[in-house]
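Structural overview for review
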Amino acid sequence: MQKASVLLFLAWVCFLFYAGIALFTSGFLLTRLELTNHSSCQEPPGPGSLPWGSQGKPGACWMASRFSRVVLVLIDALRFDFAQPQHSHVPREPPVSLPFLGKLSSLQRILEIQPHHARLYRSQVDPPTTTMQRLKALTTGSLPTFIDAGSNFASHAIVEDNLIKQLTSAGRRVVFMGDDTWKDLFPGAFSKAFFFPSFNVRDLDTVDNGILEHLYPTMDSGEWDVLIAHFLGVDHCGHKHGPHHPEMAKKLSQMDQVIQGLVERLENDTLLVVAGDHGMTTNGDHGGDSELEVSAALFLYSPTAVFPSTPPEEPEVIPQVSLVPTLALLLGLPIPFGNIGEVMAELFSGGEDSQPHSSALAQASALHLNAQQVSRFLHTYSAATQDLQAKELHQLQNLFSKASADYQWLLQSPKGAEATLPTVIAELQQFLRGARAMCIESWARFSLVRMAGGPFTVPWQAVSAWALMATQTFYSTGHQPVFPAIHWHAAFVGFPEGHGSCTWLPALLVGANTFASHLLFAVGCPLLLLWPFLCESQGLRKRQQPPGNEADARVRPEEEEEPLMEMRLRDAPQHFYAALLQLGLKYLFILGIQILACALAASILRRHLMVWKVFAPKFIFEAVGFIVSSVGLLLGIALVMRVDGAVSSWFRQLFLAQQR
């Protein structure tokens, strides 16, 4: 067999595996179509007049603005219990004094002294709990797909409608300081920006101190309408030390001082939002869907009374995407086109002095606008793709039509509205929550046809020991097929000071650390063909002597023969290439069995509660491991063939020299 034929055939087999993996992935992992439509003030989200109280107001769009300015403080990885008082404790842990409890004391103090001015919420985050995906959700109100987690280190500009786009279109001055991920997501969108590199998780202070250098002077200058500060110290402290380390208490105390300083500088027309983009595990990691990872803190405060009632004993649980439509309407902006979040209705009640009827009507107006926007999005999305389930979509549209008709009747007959208002609000909320649930269900829907067509196996015996050693090495070096267990510190091997703005190099280092066992064993796989010959006895082997030659043997020294070992392969070079091909097919077969097992597990358990925590990451790791192993195998075989070619050339030269 020729060298090129062997490599081309193995490459063709690898391609079949790649096609199978791609086909299965297209049916298993979450996908959705990103629409580029944008909301605008000139196009209301639905028919009918503008909501109550919005006509004729300066700066009014779909609804009259309640705030002129917003300060958004994003504390990366601010878990919900980090905002709890000292006497609280984490579930399933003994009630001991934890270093992170009670450090954000200013939040509790404000809630007690000014209960109508502030609220603390438990923000329910949608997985994956990686920063870039959370920033997309916090600005678009939509759900980033699971496969987007791979781009957490290579952010790209958001093409969907989002809050930053709406703010800049309305001529608002948006000032940003902090995590440089925003620079890639929103290029050129900020009137002023102070970006700081975010990847060096060992650095707890550079980003935070850089923000503090500009935060208060920027606030005092007044040259802003929306001020965004994205702090990273808490997240980096979790990665480096974990949440129970004294350094975490230090970072949270620093954030508490920041919040106090901001509260003292707020004017009456300004809303303060303190939010975490996600939580963290007990080890300080994030990326999955455990309770601690998807539970983040959200705190709202205004110098003027906003809430009609005092805070509940247990903070309300709200989806994280609910912040998007809420901020849009509070600022007098259109809700981003693809939003599926539900407005936080109590923020539109009118404060503690408002009448119950007018308060409920204001809530219904905000909810109706929100429902119109979501209904328009569902109609546009369903026309562009068939992802949404037709039956559920039809039921939701019927529910919206009824709720919208009831709302319009309220506007025309305000006298008999008091008894009907709660029903209308409940119908609108039911529609919004049903729409969000349908989108989550549809975008996580599995295509069984593609999943069944994806796996492909090659029916040859496997080189199981070698492949299992690669897997064993993966686990024995401390790796696990889940995102929180990735050795992020590997990104700084040889680069203790960080990488600056470079993102591909740390990603390459982390990838090399994670899949080193797959690569090394795949490259070394062709050496299995040489191993039996290398194990020949290193001692001298005597030629068999014919009978009766013992005396002659004592007279002259015996001719000795060196063991040929791997040089025996030169006796039949064509068989050597065939053996390489067979070995490559065997190794690909056992790798194919592994990826097939993961595909079957993911197919059978696609509705399991742990699918996104266990089975989806396992499939992704196995698929990437297969690609790395197959490429390594081809490189290893090509290297062995290159060496064999050099040895063949040396043999020919030696043979010609002997003939001369």
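Above this note sits the structure.
Described below are features of the structure shown in this document.

Analysis parameters
- Residues numbered from 1 in each chain as written.
- Predicted model: local features only at pLDDT ≥ 70, side-chain atom pairs only at ≥ 80, totals over all residues.
- Heavy atoms only, no water.
- Helix = DSSP H or I, 4+ residues; strand = E, 2+ residues; numbered from the N terminus.
- Buried < 20%, exposed > 50% of the residue type's maximum accessible area, 1.4 Å probe, protein only.
- Areas by Shrake-Rupley, 256 points an atom, 1.4 Å probe, with all protein chains shown as cover.
- Contact = heavy atoms within 4.5 Å.
- Phe/Tyr/Trp six-rings, centres within 6.5 Å; stacked < 30°, edge-to-face > 60°.
- Lys NZ or Arg CZ within 6 Å of the ring centre and 35° of its normal.
- Salt bridge = Lys/Arg side-chain N within 4 Å of Asp/Glu carboxyl O.
- Core = buried A, V, L, I, M, F, W, Y, C linked by side-chain atoms within 4.5 Å.

1. Comments concerning the overall build of the protein chain
- Summing up its helical and strand segments, the protein chain has 20 helices and ten strands in all.
- By the burial criterion, 52% of the 660 residues in the protein chain qualify as buried.
- Per element, the accessible surface of the protein chain, about 29,900 Å² overall, is 59% carbon and sulfur.

2. What about the environment of Leu528?
- Along the chain, Leu528 turns up in the loop between helix H16 (516-524) and helix H17 (531-534).
- In this structure the C-alpha to C-alpha distance between Leu528 and Leu580, which are 52 residues apart in sequence, comes to 9.6 Å.
- Aside from chain neighbours lying at most four places away, what touches Leu528 is Val463, Trp466 and Leu583.

3. What about the packing of aromatic side chains?
- Summed over all chains, the structure comprises 14 aromatic pairs.
- Taking the centre distance of 5.7 Å and the plane angle of 55 degrees together, the rings of Phe483 and Phe621 count as tilted. You can see Phe483 sitting in the loop between helix H14 (464-476) and helix H15 (504-514) and its partner Phe621 sitting in helix H20 (residues 611-659), a full 138 residues away along the chain.
- Within the aromatic cluster, the residues linked to one another by ring pairs are Phe176, Trp182, Phe186, Phe190 and Phe195.
- Above the plane of the ring of Phe307 lies Arg119, whose end atom (NZ or CZ) is 4.4 Å from the centre.
- Positioned above the aromatic ring of Tyr216, the side-chain terminus of Arg265 is 4.1 Å from the ring centre.

4. Some points on the pattern of salt bridges
- If you walk through the whole model with that rule in mind, you get eleven salt bridges.
- Ionic pairing is found between Lys402 and Glu427, a salt bridge with its closest N-O pair at 2.6 Å. Of the two residues, Lys402 sits in helix H11 (residues 390-412) while Glu427 sits in helix H12 (residues 421-443), which places them 25 residues apart along the sequence.
- The class for Glu427 is buried, based on a relative accessible area of 10%.

5. Points about the nonpolar core
- Within the largest apolar cluster, 79 residues are counted, with the highest numbers of intra-cluster contacts made by Trp182, Val273, Leu298, Leu378 and Phe431.
- The contact partners of Val273, leaving out residues within four places of it in the chain, are Val70, Val71, Leu72, Val73, Leu298, Phe299, Leu300, Leu323 and Leu327.
- Of all hydrophobic cores here, the second largest spans 47 residues; its members include Val175, Leu204, Leu232 and Val234.

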